[in-house]
Amino acid sequence: MGFLDILLGRSKPAAPDLDQLFGLPSAAVTLQAAAGFTPTGTGAVCFASVEGAAFAEAHQEAQALLDADSERTGSPVELSRDEYGYSWLVSRRAPDDLPALVSDLHAVNTALEGTGFGPQLLCSVVGFRDSGQRRLDLVYLYKRGSFYPFAPLGDEGERRDNALELQIKAALVDDLRIEQDLARWFPIWGAPGL
């Protein structure tokens, strides 16, 4: 950051810190105590697809890494594309095995970052539900190094429960690096697997 940046009030964006993902299991305890939300066992990494053999190889390496886990039960890791053309690598674990799910997400991010495709990483998402089946996702913004809650309202189209999102923000402020700029709390409508 240069002198001119300081004078003009520009700030350097936070660098990605994938180790922030490992704060999710302790945040899940807080989330359950504060609002009654528990993990669904589903998480995903979203990235912008790039054409080419190098990217295809990096993606296959990340997927093979997760599929090789001998303790994985149920469905294998799956690749989906949303209506906007973004790719989602979806992992499913037992709902009570959030640490393994977080390790999956970390491994995918690290594999793509390590092969030079870090700029294509957009976010990682972990799903939660409460006893009333309300959905809540905790979204990690790769380029910002921060989290935000996303709470879509059931069958009411593309509407969010903003009050719940702000409640979760307040509850998790001591557990996770929460994104303070609410304009960056992007909706992830139709996220595959969540």
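Here, the structure is the one placed above.
So, here's what we can say about the structure. The residue numbers shown here count from 1 along each chain, following its written sequence. At least 70 in pLDDT is required for a residue's local features to be given in this predicted model, at least 80 for side-chain atom pairs to be given and counted, and no such filter applies to totals for whole chains, interfaces and linings, which use all residues. Heavy atoms from the whole structure form the basis of all side-chain values; hydrogens and water molecules are not counted.

A few words on the overall build of the protein chain. Under the DSSP-based scheme used, a helix requires at least four consecutive residues in state H or I and a strand at least two consecutive residues in state E, with every element numbered from the N terminus. In terms of helices and strands, the protein chain carries five helices and six strands. Going from N to C terminus, the protein chain has its helices and strands arranged as α-α-β-α-β-β-α-β-β-β-α. Here the protein chain holds 194 residues, and 45% of them are scored as buried. Of the roughly 9,700 Å² that the protein chain leaves accessible, carbon and sulfur atoms contribute 53%. Relative accessible area decides the class of each residue, using a 1.4 Å probe on protein chains only: under 20% of the type maximum gives buried, over 50% gives exposed, and in between gives partly exposed. For the accessible areas, the method is Shrake-Rupley and the probe is 1.4 Å, while residue cover comes only from the protein chains on display.

Before going further, it helps to spend a moment on the sheet that holds strand E5 (residues 135-141). Two strands make a pair as long as DSSP finds a minimum of two bridges between them. Sheet architecture is open: six strands sit in the order E2-E3-E1-E4-E5-E6, paired in antiparallel fashion. Taken across any chain shown, the strands that pair with only one partner, and hence form the sheet edges, are strand E2 (78-81) and strand E6 (146-150). On average, each strand axis in the sheet is tilted by 25° relative to the strand beside it, whichever way the strands run. Relative to E5, strand E4 (residues 121-129) runs antiparallel, the two being bridged by seven bridges. Paired with Phe-128 across the two strands is Leu-136, which belongs to E5. Packing of helix H5 (residues 162-172) onto the sheet brings it into contact with E5 and E6, and relative to E6 it is tilted by some 145°. Helix axes are fitted only over the stretch in contact, all axes being lines through C-alpha atoms; the angle between N-to-C directions runs from 0 to 180 degrees. Any two residues having at least one pair of non-hydrogen atoms within 4.5 Å are treated as being in contact.

Right, let's talk about the pattern of salt bridges for a bit. Salt bridges are defined as contacts in which a side-chain nitrogen from Lys or Arg sits within 4 Å of a carboxyl oxygen from Asp or Glu. On inspection of all chains with the given rule, the structure shows nine salt bridges. Residues Asp-137 and Arg-135 are paired through a salt bridge, measuring 2.5 Å at the closest nitrogen-oxygen approach. Across the pair, Arg-135 and Asp-137 agree in class, each one buried. For the salt bridge of Asp-181 with Arg-184, the shortest nitrogen-to-oxygen distance reads 3.7 Å. Relative accessible area serves as the criterion here: at 32%, Asp-181 is assigned to the partly exposed category. Given the relative accessible area of 31%, Arg-184 is considered partly exposed. One continuous salt-bridge network, built from bridges that share partners, spans Asp-130, Arg-134 and Asp-161.

Relative to strand E3 (residues 86-92), E2 runs antiparallel, the two being bridged by four bridges. The partner of Glu-78 across the bridge, within E3, is Val-90. Connecting the antiparallel pair E2 and E3 is a turn made up of four residues, with Gly-85 showing a positive phi of about 90°.

Turning to unusual backbone geometry, a few remarks are in order. Even without glycine at this site, Gln-133 takes up a positive phi of about 65°. Residue position: Gln-133 is located in the loop between E4 and E5. Residue classification places Gln-133 among the exposed residues on the basis of a relative accessible area of 55%.

In this section: the pairing of E3. Along E3, five of the seven residues are buried, which leaves the element largely enclosed by surrounding structure. Looking at chain direction, strand E1 (residues 38-48) and E3 are connected through seven bridges and run antiparallel. By the bridge assignment for E3, Gly-43 is matched with Ser-91.

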